[in-house]
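# Commentary on secondary and tertiary structure
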Amino acid sequence: MTANVIEEVAPAWPSTIREEFEVNQLNGRVGTRLLSETDRVRVWEIRLAPGERIGFHRHVLDYFWTAVTAGRARSHTQDGSVIEATYAAGDTRHFVYGTGEYKIHDLENVGNTDLWFTTVEFLDSANEPLDINAIADPR
């Protein structure tokens, strides 16, 4: 995976993005579809056609993702940065969050092919899982 920060100033976000960020501070739906859940893990799928995006969501649990397909994406993150990344099929990244730590971001497919990830969250992490049934603004 390669990634480039393309903007680092939060005011550069369009107002619709900023408003959606504010509304979705506690959105625990980290994928487009929950595939499986046990007492230990949640397994999510993210499938985005070119131009589609998954709105802002908060990661509080330890997790990893694997890119099933190659592609390009853009994310707005809670620190105000905008990151563009290129993924190869099989790319995998792991994340660990301590008590009170989190990440909020969105993900938009800016490539010309479908973008597909599998994400696995570990429910026995330092933080309590967020409610995945809370109503979130899907922009």
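What comes next concerns the included structure. From a predicted model like this one, the values you see are computed outputs, not experimental measurements.

Calculation notes
Numbering of residues starts from 1 in each chain and follows the order in which that chain's sequence is written. Only residues with pLDDT of 70 or above have their local features reported here, since the model is predicted, and side-chain atom pairs are shown and tallied only from 80 upward, although totals for entire chains, interfaces and linings are computed over all residues. To get the side-chain values, all heavy atoms of the structure are used, and hydrogens and water are removed first. Put simply, DSSP marks the helices as runs of H or I at least four residues long and the strands as runs of E at least two long, and each gets a number from the N terminus on. The criterion used for residue contact is that any of the two residues' heavy atoms lie within 4.5 Å. Only the protein chains shown count as cover for residues, with accessible areas throughout obtained via the Shrake-Rupley method and a probe of 1.4 Å. Within 6.5 Å between ring centres, the rings of Phe, Tyr and Trp (the latter by its six-membered ring) count as paired, and their orientation is classed by plane angle as stacked under 30 degrees, edge-to-face over 60, tilted in between. Accessible area is worked out with a 1.4 Å probe on protein chains only. A residue is then buried under 20% of its type maximum, exposed over 50%, and partly exposed in between. Criterion for a charge above a ring: Lys NZ or Arg CZ within 6 Å of the ring centre, and within 35 degrees of the ring normal. Two strands are said to pair when DSSP picks up at least two bridges between them. Axis angles are defined between N-to-C directions and span 0 to 180 degrees, where every axis is a line fitted to C-alpha atoms and, for a helix, only to the segment in contact. The salt bridge definition used is simple: a Lys or Arg side-chain nitrogen within 4 Å of an Asp or Glu carboxyl oxygen.

A few words on the overall build of the protein. Of the regular secondary structure elements, the protein holds 1 helix and 10 strands. Partitioning the intrachain contacts of the protein with sequence separation of at least 6 by distance along the chain shows that 80% fall at a separation of at least 24. Carbon and sulfur atoms make up 52% of the accessible area of the protein, which totals about 7300 Å².

Two measures describe an aromatic ring pair: the distance that separates the ring centres and the angle between the ring planes. Within this structure, the stated rule accounts for 9 aromatic pairs. Between Phe21 and Phe56, the aromatic rings sit 5.3 Å apart at their centres with planes inclined by 80°, giving edge-to-face as the arrangement. Separated by 35 residues along the polypeptide, Phe21 in helix H1 (residues 15-23) and Phe56 in strand E4 (residues 53-59) bring together distant segments of the chain. According to the relative accessible area criterion, Phe21 is buried, its value standing at 7%. Residue class for Phe56 comes out buried when judged on its relative accessible area of 0%. On the numbers, 5.0 Å between centres and 90° between planes, the contact of Tyr87 with Phe117 is edge-to-face. Taken together, the residues span a long stretch of sequence, with Tyr87 in strand E7 (residues 82-87) and Phe117 in strand E10 (residues 115-122) at a distance of 30 residues. Given a relative accessible area of 4%, Phe117 falls into the buried group. By way of ring pairs, the aromatic residues Trp13, Phe21 and Phe56 are connected into one cluster. Sitting over the face of the ring of Trp116, Arg47 holds its NZ or CZ atom 3.5 Å from the ring centroid.

With that settled, the discussion passes to the sheet that holds strand E2 (residues 33-37). The strand order across the open sheet built from 5 strands is E2-E3-E10-E5-E8, with neighbouring strands paired in antiparallel fashion. Across the chains shown, the open sheet's two edge strands, defined by having one partner strand only, are E2 and strand E8 (92-95). Sheet twist, expressed as the average angle between the axes of neighbouring strands with direction ignored, equals 15°.

Turning our eyes to something else, we now look at the pattern of salt bridges. Here the structure, examined in full by the defined rule, presents 9 salt bridges. In this structure, the salt-bridge partner of Arg42 is Glu121, at a minimum N-O distance of 3.8 Å. Residue Arg42 is located in strand E3 (residues 41-48), and its partner Glu121 is located in strand E10; the two are separated by 79 residues in the primary sequence. Taking the relative accessible area as the measure of exposure, Arg42 reaches 7% and is therefore buried. Classification of Glu121 by relative accessible area gives buried; the value is 2%. A salt bridge links Glu84 to Arg74, with the shortest nitrogen-to-oxygen separation between them at 2.7 Å. Residue Glu84 is located in strand E7, and its partner Arg74 is located in strand E6 (residues 71-76); the two are separated by 10 residues in the primary sequence. Exposure remark for Glu84: the relative accessible area of 22% places this residue in the partly exposed category.

None of the figures reported here should be taken as evidence of function without further support.
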